[in-house]
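Observations on chain architecture
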Protein chains: 2
Amino acid sequence: VVAAPAALIGIDWGTSTARAYRFDVGGNVVGERSAPLGVQKVEAGRFRAALETLLGGEIPAGSPLLACGMIGSRQGWVEVPYLDCPADLTAIAAALAKVSDPALAIVPGLMCRDADGVPDVMRGEETQILGALQEASSRQAVVLPGTHSKWVLAAESGIETFATFMTGELYAVLREHSILGRLAAAGSDPGAFERGVRSSLVSRVGLSHELFSARTLALTDALASAGVADYLSGLLIGAEVAAGRRWLESRAADSLRMTLVGEAMLCSRYRRAFAFAGVDADIGPSDAAARGLWRIAQRARMVP
Amino acid sequence: VVAAPAALIGIDWGTSTARAYRFDVGGNVVGERSAPLGVQKVEAGRFRAALETLLGGEIPAGSPLLACGMIGSRQGWVEVPYLDCPADLTAIAAALAKVSDPALAIVPGLMCRDADGVPDVMRGEETQILGALQEASSRQAVVLPGTHSKWVLAAESGIETFATFMTGELYAVLREHSILGRLAAAGSDPGAFERGVRSSLVSRVGLSHELFSARTLALTDALASAGVADYLSGLLIGAEVAAGRRWLESRAADSLRMTLVGEAMLCSRYRRAFAFAGVDADIGPSDAAARGLWRIAQRARMVP
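Calculation notes
Residues numbered from 1 in each chain as written. Chains lettered and ligands numbered in written order. Predicted model: local features only at pLDDT ≥ 70, side-chain atom pairs only at ≥ 80, totals over all residues. Heavy atoms only, no water. Helix = DSSP H or I, 4+ residues; strand = E, 2+ residues; numbered from the N terminus. Buried < 20%, exposed > 50% of the residue type's maximum accessible area, 1.4 Å probe, protein only. Contact = heavy atoms within 4.5 Å. Areas by Shrake-Rupley, 256 points an atom, 1.4 Å probe, with all protein chains shown as cover. Axes fitted to C-alpha atoms, helices over the stretch in contact; angles between N-to-C directions. Parallel < 35°, antiparallel > 145°, perpendicular 65-115°, else oblique. Salt bridge = Lys/Arg side-chain N within 4 Å of Asp/Glu carboxyl O. Pairing = 2+ DSSP bridges. Phe/Tyr/Trp six-rings, centres within 6.5 Å; stacked < 30°, edge-to-face > 60°. Lys NZ or Arg CZ within 6 Å of the ring centre and 35° of its normal. Least-squares fit on C-alpha atoms with pLDDT ≥ 70 in both. Polar contact = N/O pair within 3.5 Å; in protein donor to acceptor, adjacent residues only side chain to side chain. Nonpolar A, V, L, I, M, F, W, Y, C, P; charged D, E, K, R; others polar.

A tally of regular secondary structure across chain A gives 11 helices and 15 strands. Taking the principal axes of the C-alpha coordinates as reference, chain A spans close to 70 × 40 × 35 Å. Per-residue burial over chain A gives 56% buried out of 304 residues. Look at the contacts in chain A between residues 6 or more apart in sequence, and 62% of them connect residues 24 or more apart. Here chain A has roughly 12600 Å² of accessible surface; of this, 48% comes from carbon and sulfur atoms.

Below, the structure is given as structure tokens:
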């Protein structure tokens with residue numbers, strides 16, 4: 001018995017990892033594979049070979065292919081121009097870029113501009129957002145925590161605007177390369193995380209001042225070295241929550257329902273930080289990228 | 001003719017560099033030597049040898065020795081407890097720690113606490129401040145830019161309180177280890193610096209969001225790669241100026257005279273940033289550390 005070809009193969013192709021989903025005609029994920037073959041790890045010109053490896057050796061004939069993420073960046077397979085916000089599902093589905101061998105469509109990233117005209121960009125998160133919002137219809141805030149966290153205003157009809165916060169990258173460079181990282185011992189300390197979040201939430205000065213408290217509290221034995229990393233994480237996430245809420249206020253959106261989308265542990269960490277700020281946040285579906293790929297493929301008539 | 005022994009040998013002994021000053025009986029610097037023998041570069045137990053090298057081969061007999069800076073830290077020659085703020089010249093001079101071989105006195109660092117009891121610390125800057133303020137008598141703000149910038153409220157009588165901003169260290173780790181640094185090409189661009197400062201000064205969101213604009217502006221060719229480093233520097237210094245002014249406001253000190261103390265190029269960079277914020281700042285004496293060492297030695301009766 002030969003299995004029917006997949007109705008769609010969707011690929012969430014990021015900077016460090018690529019993940020492929022095999023869908024049946026009902027839009028259900030019936031198979032999933034991932035590989036450390038992100039855009040940063042594949043040489044230019046080698047994306048076809050990487051895709052073959054990701055899919056288990058060969059690219060199956062008869063299944064449409066749709067990818068999202070950094071695969072559409074300047075360092076990716078083909079550079080797909082950013083689509084301007086607001087951008088709805090129809091506009092995104094109409095702007096797919098095409099690779100001809102194999103026949104692969106790529107979801108465009110999105111660009112928005114703030115009141116001063118400064119651009120902000122995303123690639124891949126637009127697909128997760130569309131996947132997370134399938135059931136929702138009214139304006140709401142979606143937060144996708146990560147290396148470059150995205151705060152997004154969206155509705156069922158599409159993405160209105162967004163703002164990026166470099167929280168995860170700041171944590172990584174400070175943890176690995178700064179005097180604060182050198183004070184940190186291995187360990188986890190939920191109390192230190194909470195203390196960091198609360199410090200940033202009430203800060204009357206600013207992040208570059210608050211960060212130094214990780215050093216002075218450790219120096220005066222008011223913070224154990226095993227708590228330094230979680231305290232630092234708390235300071236940075238707390239600063240993001242405070243700044244993100246100011247951003248929502250500037251958009252008259254601070255009373256909207258909030259949904260966290262992303263990796264489960266990180267979403268739960270952010271949810272705790274939101275709770276310290278008195279904000280309830282839902283956690284969205286963990287398969288948002290797959291749902292978004294299916295939804296875009298439907299609108300683009302790549303699937304029934 | 002044998003030269004008279006120096007009235008004082010003062011040493012500004014920091015993390016990476018040590019600098020020695022030879023004073024005559026009038027408190028004038030008549031000789032100066034420096035060496036890359038900062039505390040981080042000298043093994044424990046080897047400080048006497050490092051001092052001999054710094055002073056040109058031997059430690060001269062008959063001259064009192066006074067040092068300030070990280071040499072009094074846990075990683076230094078002896079750990080000198082922090083003195084609590086407010087701390088005036090007399091209290092600092094009374095709290096010198098003593099090394100017996102050779103007879104060397106070390107200036108204590110200072111500690112203060114904010115309204116929530118969170119400590120802040122300095123070592124070395126207290127001496128520069130006392131040196132910069134010799135002529136002044138009224139309450140004023142002193143800013144010492146650097147790896148860990150210090151904003152200080154002080155008067156002729158001593159140091160009231162202060163706050164640290166990790167501006168220089170954030171710049172270094174982001175420049176060397178982040179995605180922003182990878183976008184930067186060699187070059188200097190005063191216009192990009194100004195743009196960064198102004199962005200941070202008017203930011204309604206927060207630093208971790210503003211930082212991402214270095215990436216998006218470069219990506220959209222709205223910022224040349226040769227300007228990325230100066231733009232990043234501007235964002236960070238602008239954020240410090242905005243945060244430091246909030247800190248001064250919280251101390252009812254935002255209308256005080258401001259003085260910048262430190263390395264000439266960096267002070268001039270900060271003065272420009274202050275000007276964009278509509279604030280005039282004086283630049284203090286470039287020999288503030290030497291002046292402060294002399295002043296402390298006088299008060300401690302180590303010199304006539």
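That was the structure; now back to the text.
Once that is clear, we can look at the packing of helix H3 (residues 125-132) of chain A against helix H11 (residues 288-299) of chain A. Residues and elements named next belong to chain A. Interaxial distance between H3 and H11 falls to 6 Å at its minimum, and their mutual angle equals 90°. Considered as vectors, H3 and H11 are oriented roughly perpendicular to each other. Contacts between H3 and H11 involve Thr127, Gln128, Leu130, Gly131 and Ala132 on the former and, on the latter, Ala288, Ala289, Arg291, Gly292, Leu293, Arg295 and Ile296.

A side chain of one charge can pair with a side chain of the opposite charge when the charged atoms of the two come close. Residue and element names in this part refer to chain A. Counted under the stated rule, the structure contains 20 salt bridges over all chains. Here Asp101 makes a salt bridge to Arg48, at a shortest N to O gap of 3.0 Å. Placement of the pair is Asp101 in the loop between strand S7 (97-99) and strand S8 (104-106) and Arg48 in helix H1 (residues 47-54), with a sequence separation of 53 residues. Assessed through its relative accessible area of 30%, Arg48 is described here as partly exposed. One connected set of salt bridges, linked through shared partners, spans Arg48, Glu52 and Asp101.

With that settled, consider the sheet that holds strand S6 (residues 87-88) of chain A. Reading across the sheet, the 6 strands line up as S6-S13-S12-S11-S14-S15 (chain A) and stay open at both edges, with mixed pairing between neighbours. The open sheet has two edge strands, S6 and strand S15 (281-283) of chain A, and neither has a second partner.

Residue and element names in this part refer to chain B. Read from one edge of the open sheet, 6 strands run S6-S13-S12-S11-S14-S15, paired in mixed fashion. Taken across any chain shown, the strands that pair with only one partner, and hence form the sheet edges, are strand S6 (87-88) and strand S15 (282-283). Taken together, the 3 bridges between strand S11 (residues 140-144) and strand S14 (residues 258-260) define a ladder with parallel strand orientation. Bridging across to S14, Val143 finds its partner in Leu260.

Under the criterion given, the structure shown has 14 aromatic pairs over all chains. Chaining the aromatic ring pairs together yields one cluster made of Trp13, Phe47 and Trp77 of chain A. Geometry around Phe193 of chain B places Arg269 of chain B over its ring, the cationic atom sitting 4.3 Å from the centre.

Turning our attention to helix H8 (residues 212-219) of chain B. In terms of residue burial, H8 of chain B counts as a mostly covered element, since 8 of its 8 residues are buried. Phi for Asp221 of chain B, located one or two positions after H8 of chain B, is positive at around 60°.

With that settled, the discussion passes to the relation of the copies chain A and chain B. For these two chain copies, the linking operation is a rotation about an axis paired with a shift along it. The two copies are related by a screw operation: chain A maps onto chain B through 180° of rotation and 0.0 Å of translation along the axis, at an RMSD of 0.0 Å. Put plainly, the chains are arranged around a two-fold axis. Across chain A, the smallest distance between a C-alpha and the rotation axis is recorded for Val173 of chain A, namely 3.1 Å. Interface overlap between copies: 100% of the residues of chain A at the interface are likewise at the interface in chain B, consistent with a symmetric, same-surface contact.

The next subject is the interface of chain A and chain B. Contacts between the two partners involve 42 residues from chain A, matched on the other side by 42 residues from chain B. Summed over the shared surface of chain A and chain B, the number is 2 salt bridges. In this structure, Asp116 of chain B and Arg204 of chain A form a salt bridge, with 3.6 Å as the shortest nitrogen-oxygen distance. Along the contact surface separating chain A from chain B lie 13 residue pairs in polar contact (both at pLDDT 80 or more). Mapped onto the side of chain A that touches chain B, the elements with two or more residues apiece are strand S10 (119-122), strand S13 (158-165), helix H4 (167-177), helix H5 (179-183), helix H7 (207-210), helix H8 (212-219) and helix H9 (228-250) of chain A. For the side of chain A that touches chain B, the class distribution of residues is 22 nonpolar, 11 polar and 9 charged.

Let's shift gears to the environment of Ala290 of chain A. Residues and elements named next belong to chain A. Among the secondary structure elements, Ala290 is positioned in helix H11. Overall, the relative accessible area of 2% leaves Ala290 in the buried class. The spatial distance from the C-alpha of Ala290 to the C-alpha of Gly131 is 7.0 Å, given a sequence separation of 159 residues. Discounting residues that sit within four places of it in the chain, Ala290 has contacts with Tyr21, Phe23 and Val29.

Note the cis peptide between Cys85 of chain A and Pro86 of chain A, where omega equals -5°. Note on placement: Pro86 of chain A falls in the loop between strand S5 (83-84) and S6. If you check the backbone angles, Ala252 of chain B has positive phi at about 55° while not being a glycine.

Any functional reading would require information that these geometric values do not contain.
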